[in-house]
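Examination of the molecular architecture
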Protein chains: 4
Amino acid sequence: MPRKICVVITARPSYSRIRTALEAIRAHPDLELQLVIAASALLDRYGNAINVIESEGFKVDRKVYMIVEGENLVTSAKSTGFGLAELSTVFDDLRPDAVITIADRFETIATAIAAAYMNIPLVHIQGGEVTGSIDEKVRHAVTKLADVHLVSSDHAATRVISMGERPESVFVTGCPSIDLAREAREAEPRDIDALLKQYGGVGADVDVSNGYIVVMQHPVTTEFGLAQKHVLETLTAVREGQFPTLWFWPNVDAGSDQTSKSIRAFREHHAMRNVHFYKNMKPLDFLSLLINSRGIVGNSSVAIRECAYLGVPAVNIGSRQSGRDRGRNVIDVDYDHAAIREAITTNFERTDRHSDLLYGDGTAGEQIADVLAKAELTIEKRLTY
Amino acid sequence: MPRKICVVITARPSYSRIRTALEAIRAHPDLELQLVIAASALLDRYGNAINVIESEGFKVDRKVYMIVEGENLVTSAKSTGFGLAELSTVFDDLRPDAVITIADRFETIATAIAAAYMNIPLVHIQGGEVTGSIDEKVRHAVTKLADVHLVSSDHAATRVISMGERPESVFVTGCPSIDLAREAREAEPRDIDALLKQYGGVGADVDVSNGYIVVMQHPVTTEFGLAQKHVLETLTAVREGQFPTLWFWPNVDAGSDQTSKSIRAFREHHAMRNVHFYKNMKPLDFLSLLINSRGIVGNSSVAIRECAYLGVPAVNIGSRQSGRDRGRNVIDVDYDHAAIREAITTNFERTDRHSDLLYGDGTAGEQIADVLAKAELTIEKRLTY
Amino acid sequence: MPRKICVVITARPSYSRIRTALEAIRAHPDLELQLVIAASALLDRYGNAINVIESEGFKVDRKVYMIVEGENLVTSAKSTGFGLAELSTVFDDLRPDAVITIADRFETIATAIAAAYMNIPLVHIQGGEVTGSIDEKVRHAVTKLADVHLVSSDHAATRVISMGERPESVFVTGCPSIDLAREAREAEPRDIDALLKQYGGVGADVDVSNGYIVVMQHPVTTEFGLAQKHVLETLTAVREGQFPTLWFWPNVDAGSDQTSKSIRAFREHHAMRNVHFYKNMKPLDFLSLLINSRGIVGNSSVAIRECAYLGVPAVNIGSRQSGRDRGRNVIDVDYDHAAIREAITTNFERTDRHSDLLYGDGTAGEQIADVLAKAELTIEKRLTY
Amino acid sequence: MPRKICVVITARPSYSRIRTALEAIRAHPDLELQLVIAASALLDRYGNAINVIESEGFKVDRKVYMIVEGENLVTSAKSTGFGLAELSTVFDDLRPDAVITIADRFETIATAIAAAYMNIPLVHIQGGEVTGSIDEKVRHAVTKLADVHLVSSDHAATRVISMGERPESVFVTGCPSIDLAREAREAEPRDIDALLKQYGGVGADVDVSNGYIVVMQHPVTTEFGLAQKHVLETLTAVREGQFPTLWFWPNVDAGSDQTSKSIRAFREHHAMRNVHFYKNMKPLDFLSLLINSRGIVGNSSVAIRECAYLGVPAVNIGSRQSGRDRGRNVIDVDYDHAAIREAITTNFERTDRHSDLLYGDGTAGEQIADVLAKAELTIEKRLTY
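Not measured: the values here are computed from a predicted model. (Residues numbered from 1 in each chain as written. Chains lettered and ligands numbered in written order. Predicted model: local features only at pLDDT ≥ 70, side-chain atom pairs only at ≥ 80, totals over all residues. Heavy atoms only, no water.)

Take the relation of the copies chain A and chain B next. Rotating chain A by 180° and moving it 0.0 Å along the rotation axis overlays it on chain B with an RMSD of 0.1 Å. Interpreted geometrically, this transformation is the action of a two-fold axis. When the interface residues of chain A are mapped onto chain B, 100% of them again lie at the interface, so the same face is used by both copies. (Least-squares fit on C-alpha atoms with pLDDT ≥ 70 in both. Contact = heavy atoms within 4.5 Å.)

As C-alpha cells, then:
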C-alpha cells in the first residue's frame, strides 16, 4: 500500500514553494497525495490560491477556513487555535501516514501540533533557517515537533542537527521553489504584456517595454504598528523614482491590513502613474515576470531565494529576511525612501546575472518524494544530547 | 509600576510545581500576579485544583474551560486549539508583561503560542529535561517559543543552551516543587489517619499504622491503547502483594479514561481490601503522606523529583520518566506485575534515606520571583548558531 | 439522483428515537442516508452510542467531538459553539439535500444553525412539544430555524402551526421511538437474566425474578445546582423501598456530573443491595426490560412516551416532563423520597396495562422516509401572520 | 444593587439602533451598563464601530473577535459558533442580570444562546418583524430563546405574542434608531460639505450643493451568488443617471465580499465621476446626511425605518426588506437598473415629507431603560398554548 502523504497548504506563497514536490508525490508509485487547503489559501483577497491549485490539476481533499478576521496579534493566535481544532478532525478522517508542513508562517504550527498530538509522523520543509520576527520562533518550534526534516541548504541542516535532532532524520533536498525557478528559466521566452493582461489588477497602465521592477512588501509581525510607515517609504521611493512598477499585495498576517490600507490611501492621494497592482499570479508566470524584470524590491523571500538562483537583482528592505543566506544578487537597505530609491537605481543597472545554488539546484521536488517513500517514519524521538 | 506576571495553570500537578513561586511573585514588590486556571485544573474529576488554589488564598483572574471530552488523540489536539483561542482573549484582556507556562503537558503549548504570537515575553519553567512521549516534543517546542528559561538542573540548562537559546536567558532556579518538599519535611509531624479522613475517597478502609505505599500511574500518550494493560499490571501487583495502598487517580490525558475505567472494572471484579482511592490532595498533605510512606509506585514525576530530595523510595514503572536524572531512591521496572511487586518489596525495605539535590535546594520560588523582577524581558531572539 | 439526507445524532437516547427512521431512509430508493455522530454519542461514559450504532449496521460518515468538559452552564454553551463550527465543515463536505435534527437537547441547535445558515433545508423531528427547562427554548428556536416539521402528535402539530409555520410544512408522523416499542412488544419474549448479563454494569446482584423497577433520572438544566438533592430523594426512596432496581446513568448535560457524583457518593456510604447500575443498552433490549418491569421511575421521556404506548406504569418525578401529554400509565410526584416510594408502591401494583397512541402508532420511521422523499425542500419561509 | 445589563453589539448598524438605549441605561440609577463589542463591530473594513463607540464616551468591557474570514455560508456558521464559545466565557466573567441582543443579524444568535444556556434572562430588541432571508429565521429563533421582548411596533408585538410568548413579556418601546432620527432632526442644520470632508472615503469629488442621493446595498443571504449581479444594477442606474451619489460599503455577511468586489471592479472599468464611497459614519452624521439628501437607494432598513420617521424618500430594491411595514416615503423596485433609475427620478422629485411613526416616536431609549429596571427577569417560560 502506498504511503498516504497529507500536505497542508495555508497560503499562496507556500503553494509555490511546494508545487514540484506535490507533482513528484502524486507521480510516485509508493506515495498517495492528500491535499488540504487552509487559511488564507482559501481567501479571495489573498489571491485565492485554491483556484490556482485546482486549475493546475490538483484534487483538494479538504478545505479548512480558519482565519479569524482582525489581522492583529490576537486574531493570529485565535486563527491558529481554530485551525488546530479543525485539522485534528481532518487528520482523523484522512488517516495519513505522514503530514507535511511548510516553512514558518504563524498558522503552520497548527498543522504541526495536530499531527504530533495524533501520533502521525510530521515532515517539516524548510526548517533550520534564520530570519527575524515570530517566524523564527514558529520555525524552530515546528522543528522540535517534527520527525523528518527536509531542508534547503547545508547550513540549515547543521542548525537543525545542532538543535538536537537526529542526523538521520535530516535531508538536504533544496527548496522546491527553486525547481520552479529552473522550470521558468528553461521555458520558452514569454510575452510579458500578454502575461500581464491575463491578470487584470488595478492602477495605472504601465509601459513595461523598457524594463520594469517588481515590488512585494509584507508587514513584519514583531514590528506590528509600523507596517504603515514601512510601506510608505517604499511607495514614496517608487513614486519619486517613477520606475515602471508591478506591485503585489501582501499576505494575510498581523499588519497586512495596515499595509493594504496604506497602499490604498497613498493611491487615493497621489497619482501613481507608474504603478500597477496585482493580487496573485500563477507561480511560473510570476517567475517569468521576475526573470524579465530589472529587479525585485521589498522584503519577500523570493528575492533572497529564487532570485539567488535566477540571478535577478534584489533590493531587500528591513529586517524580515535578516539571517538568511544571500546570493550576489541582493543589496540590503533600511526603511528609507531615499536609500531604497538609490539601491534600485544602482543594483538594477547591473547586467551580469550570477546563479547561486544556495537554496537548491532545481530537483528538490523529486528528492522530497524519494525521501518520503523511503525514510523511516517514526514518532519517537529525543534530544541527541 | 510592578511587572504583571501572568501564570497559567492547567492541571493539579502543575499547581504543586509552581505554588511557592506564586507566593514569591505575589509577595515581591516589583511584581503583580495574574492567575489563569484552565483545562483539567477546573474539572471535578481531576481533583478540582481550582478549589485547592482558592482555598490557599490565591485570587483567580480568569477561568478557561478547554478540554474537549473524548480523551483520545483527536481531542487532545482540539482541546489545545480551543485553549489557544481563548487564552489569546485572556491575554488581550489582562495585558501581562510576561506569561509563565509550566513544564510540558500537551495543553501548555496553547499558553506558549498565545503569548508568543501576541508579542508577550514567555517564561518557561522546567525546560531542558528529557523524558519520552509527546511531552518531549511539547517541552522543546515550548523552549523554542520561550524568551526566558527557568530550569531545574544544570543538566537542563546545558540542553536548553545547546538548542540554540542565549545563555543569558537561561536561569537554574531549581524546581519549585522541591520548595514544597522542603516545607513538608520541615513541618510538624502529621497524623496520617486524620489527614486521610479529610479527603474521603473511595474503597477499602486501609490500616496505615504499619506503613503504606502510594500509587500514582498515568497513561503514556505515545503508547495510547496500552493504558488499560499497563495499569492492570500495577493493580495486580498491589493486590497480590496486599500492601496497604493509597492510590491516586490519573491526570486528564489521552488514555486517562482507559486507565480510570480499568481501575473501576478491576474494583468491580476483585475485592481490593488493601486499597483506598483518592482524587486529589493539597500538595503539602500529599508530600507529608509520601514522607510517611514506605515508598511510591507508578510513573509520576513526583517519584523522580520530590522523592529524590526527600529520599523516599520509588518504584518507577515503564517509559514515562525515562531520560530524567534519578536520585538513589529510584528502582526502574517494566510493566510486569511480578517485577513491580518484587521491586516494591525490595526497595521499600530500605531504611536509609538520602536527599539528592538534583532538582533544586528548596528555594526555587524566591529565585524565580527574583529573575522575573530583574531579567530583561524581550521577544526578539535567534538561534545562537 | 436520490436525495441525500444527513442525520446528526448527538446522544444515546436520540438514536433510539430515530433508529427506525434511519432504517427506512436507508431502504428508500429515492433517499441516501448520511450519518453524523457527535457530542455525547461518541463518549464512553455516556454509553458509547457510536458502538451500538455501528454494531447495528450503520455506516458513520463523520464524527464530531464537541463536548467541552465541565458539565456546567458555561460548557454547555461552549460545546454548542464548537459543535456548530465543526458541523458547518461537515455539511460543506457532505453537501446534503436536507439535514435532520432530533428533538431538543442543548447541542442540537448547533445542527439547526449550521444547516439554516448554509441554506440547507432543515427537518426537525419532535417539535411542538411542551416541557420545562432550557429544552423548551431550544425546541421552539429549532422550530423557527426549521423548514419541515415531523411531529409526534396532533397537539404538537397545532402548536407548531400556531407559532407561524406553514401548515403544509408540518407532518404528524408519530415518534419513531414508538416504532421500536412496537417492535419490542411484538418480539419473542426475552430472558431478562441473560439480557442483563450481557451488559455488566456495577453494583449489587439484583434478583429480578420477582419483578424489578427501572430508574432513569436526569438533571434539570434550569434547576442547576439542585441535581444532587433531587437524585438523593430517588436514591433514598429506592433504598428504603428495597425494590429490586436497575438504574441507568444520566445523559451528559449541565448537572449530570453532579448527579453521577451523588450516586457514587451514595453508593460509597450506603450498602445498596437492591440496585445494579447500567450505562447503556441497545434500544430493543432496554424496551424489553421495560416491558418486563413493574414500572419506570425518574424523569425520562421514555416513561411518558414509549411507556404510554406500552402501558408500562411510570412514576414521573419533578418538572422535567411537565407539559407533555400523558397516558394512563403515569403518576406524577415531587422530589420527595416518601412520595416517590409511595407512588412506586401504588402505581406498580396495577396489572392492567393500556396502550395509549398519543405519540404514534409504530409506523413513524416509514412515514418520515416518505415525507423526506416527497416533501418540497425549500429554505424560504415567513411567519404566516 | 443596580441590575447589570450586558449589551452585545456585533455591527455598526446595530450600534445606531441601540445608542440612545445605551445612554438611558447608563444614566438610570437602577441599572449598570456592561458593553461587549464583537464581530464586525471590531473590524476596520466594516467601519470600525468600536472606535465610534469609544469616541462617543462608552467604556467597552470586552471585545470578542469572532468573524472567520471567507464571507460565505460556511464561515457565517463558523463565526457564530466561535462567537458563542467566547461569549459564554464573557458572560461567566461579567455575570450580568440580563443580556440584550439586537435584531437579527446571523451572529446575534450566538449572544442569545450563550445567555439562554447560562440561565441569564435574555432581552431581545426588534423581534416580531417580518423580512425575508435568513434574518427571518434568526429573528424568530431568538424570540423563542428570549425572555423579554422590546419591539418596535404594535404589529411586531402581535406577532411575538402569536408565536406563544407571554403578553406580559412583550413591550412596545419603538426602535431606538428613531430616537437618533429625532435627535438629528432637532439638531442645528449641518454644513454637509464640512461633514463629508471629515470622513475621507474614496472616489470622485462629488458636488453636493444641488442635492445628492445616498446608496446602501447589502447582499441578501438566501440569494447568495447573486450579490454581484444585484449590485451591478444599482451601479449602472447610478452611473447612467449621473446622480451626485454618496455610496456606503455593505456589512460583513455572506456575499458582502462579492458586493465589495463588484463595486471595486466596476470602479476600475468605469469612470464614476458622480460617486464617492464611504465606509462608515457616526450615526448622527449619517442621519443629517439623509435629512439633507434627496433620498436613499438600496435595501437598507434605514430607508424603511428612520426614513419613515424623517419622511426622506426611499427607493427600496429587491426582497431584503419585504414584509416590513412601510411609510409613505418608500417606492419598491426590482433588481433592474432602468427601474431603479426611474424610481429615483420620480420619487426624489417629491418635496412633501411626511413623518410616519410606524417604528416609534423617538423615546425608545428611555422606555427601554425603564422596562429593564422594572420588568420581571425570569428564565422560565412556556408556550402560551
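Following the structure, the description resumes.
Take the relation of the copies chain D and chain C next. Its rotation angle being 180°, the transformation that places chain D on chain C also includes 0.0 Å of axial translation and leaves an RMSD of 0.0 Å. The residues that chain D uses at the interface reappear at the interface of chain C in 100% of cases, marking a shared surface.

What follows is about the interface of chain A and chain B. Each partner contributes residues to the interface: chain A has 48 residues there, and chain B has 48 residues. For the pair chain A and chain B, the two sides together bury roughly 4,200 Å², of which 65% comes from carbon and sulfur. For chain A, the biggest contributors to the area lost against chain B are Tyr117(A), Lys137(A) and Arg382(A); these three give 20% of the whole. Connecting chain A to chain B are two salt bridges. In this structure, Asp147(B) and Lys137(A) form a salt bridge, with 2.7 Å as the shortest nitrogen-oxygen distance. The interface formed by chain A and chain B holds 21 residue pairs in polar contact (both at pLDDT 80 or more) in total. (Buried area = accessible area lost by both parts, 1.4 Å probe. Salt bridge = Lys/Arg side-chain N within 4 Å of Asp/Glu carboxyl O. Polar contact = N/O pair within 3.5 Å; in protein donor to acceptor, adjacent residues only side chain to side chain.)

Axis angle and axis distance: for two packed helices, these are the angle between their axes and the distance between the axes, and together they describe the pair. All names here are of chain D. One can describe the packing of helix α4 (residues 108-117) onto helix α5 (residues 133-145) by two numbers: an axis separation of 10 Å at closest approach and a directional angle of 15°. The angle between α4 and α5 falls in the class roughly parallel. In terms of crossing hand, the pair formed by α4 and α5 is left-handed. Along its contact with α4, which presents Thr 108, Ile 109, Ala 112, Ile 113 and Ala 116, the element α5 presents Val 138, Ala 141, Val 142 and Leu 145. Of the residues contributing to the contact of α4 with α5, the split by class is eight nonpolar, one polar and no charged. (Axes fitted to C-alpha atoms, helices over the stretch in contact; angles between N-to-C directions. Helix = DSSP H or I, 4+ residues; strand = E, 2+ residues; numbered from the N terminus. Parallel < 35°, antiparallel > 145°, perpendicular 65-115°, else oblique. Left-handed = near helix turned anticlockwise from the far one by under 90°. Nonpolar A, V, L, I, M, F, W, Y, C, P; charged D, E, K, R; others polar.)

On the surface, a cluster of positive charge is made up of Arg264(A), Lys279(A), Arg264(D) and Lys279(D). Note on placement: Arg264(D) falls in helix α10 (residues 256-269). A relative accessible area of 41% places Arg264(D) in the partly exposed class. (Patch = residues over 30% accessible without salt bridge, like charges linked within 9 Å, V, L, I, M, F, W, Y side chains within 5 Å. Areas by Shrake-Rupley, 256 points an atom, 1.4 Å probe, with all protein chains shown as cover. Lys, Arg positive; Asp, Glu negative; His and termini not counted. Charge placed at Lys NZ, Arg CZ, Asp CG, Glu CD. Buried < 20%, exposed > 50% of the residue type's maximum accessible area, 1.4 Å probe, protein only.)

Throughout the structure, instances matching the rule amount to 26 aromatic pairs over all chains. With 5.9 Å between their ring centres and 40° between their planes, Trp247(B) and Phe277(B) make a pair best called tilted. Here the residue Trp247(B) occupies a position in strand β10 (residues 245-248), and Phe277(B) occupies one in strand β11 (residues 275-278), the gap between them amounting to 30 residues. Ring pairs connect the aromatic residues Trp247(A), Trp249(A) and Phe277(A), which therefore count as one cluster. (Phe/Tyr/Trp six-rings, centres within 6.5 Å; stacked < 30°, edge-to-face > 60°.)

All names here are of chain C. Examined against the element boundaries, Gln 321 turns out to sit in the loop between β13 (314-317) and β14 (330-333). By relative accessible area, which is 2% here, Gln 321 ends up buried. In this view, Gln 321 contacts Asn 299, Ser 300, Ser 301, Ile 304, Asn 316 and Arg 326; residues no more than four positions away in its chain are not counted. Polar contacts involving the side chain of Gln 321 include one to the main-chain carbonyl oxygen of Asn 299, which spans 2.8 Å.

Residues and elements named next belong to chain C. Read across the open sheet, the seven strands follow the order β8-β11-β10-β9-β12-β13-β14; overall the sheet is mixed. Edge positions in the sheet fall to β8 (202-203) and β14, since each of these pairs with one other strand and no more. Taken together, the four bridges between β13 and β14 define a ladder with parallel strand orientation. Residue pairing across strands places Val 315 opposite Ile 331, the latter belonging to β14. (Pairing = 2+ DSSP bridges.)

Right, let's talk about the domain arrangement of chain A for a bit. Residue and element names in this part refer to chain A. Annotation of chain A at the domain level lists domain 1 (3-175 + 360-374) and domain 2 (186-347). Just the C-alpha atoms count here: the centres of domain 1 and domain 2 sit 26 Å apart. On the side of domain 2, 28 residues touch domain 1, which itself brings 38 residues to the contact. The contact between domain 1 and domain 2 buries some 2,600 Å² in all, and 47% of this surface belongs to carbon and sulfur atoms. At the junction of domain 1 with domain 2, the criterion picks out three salt bridges. Salt-bridge contacts for Arg 305 lead to Glu 129; the nearest nitrogen and oxygen are separated by 2.5 Å. (Domains from an automatic or database assignment.)

Oppositely charged side chains can form a pair if their charged atoms are brought close together. The final tally for this structure, using the stated rule, is 108 salt bridges over all chains. Among the salt bridges present, the one from Glu165(A) reaches Lys381(A), with a minimum N-O distance of 2.8 Å. Residue Glu165(A) is found in the loop between α6 (154-162) and β7 (170-172), and its partner Lys381(A) is found in the segment after α15 (364-374); the two are separated by 216 residues along the sequence. With relative accessibility at 13%, the residue Lys381(A) sits in the buried group. Note that Arg105(C) is salt-bridged to Glu107(C), the shortest N-O span being 2.7 Å. Owing to a relative accessible area of 10%, Arg105(C) belongs among the buried residues under this scheme. The buried category is assigned to Glu107(C), whose relative accessible area is 1%.

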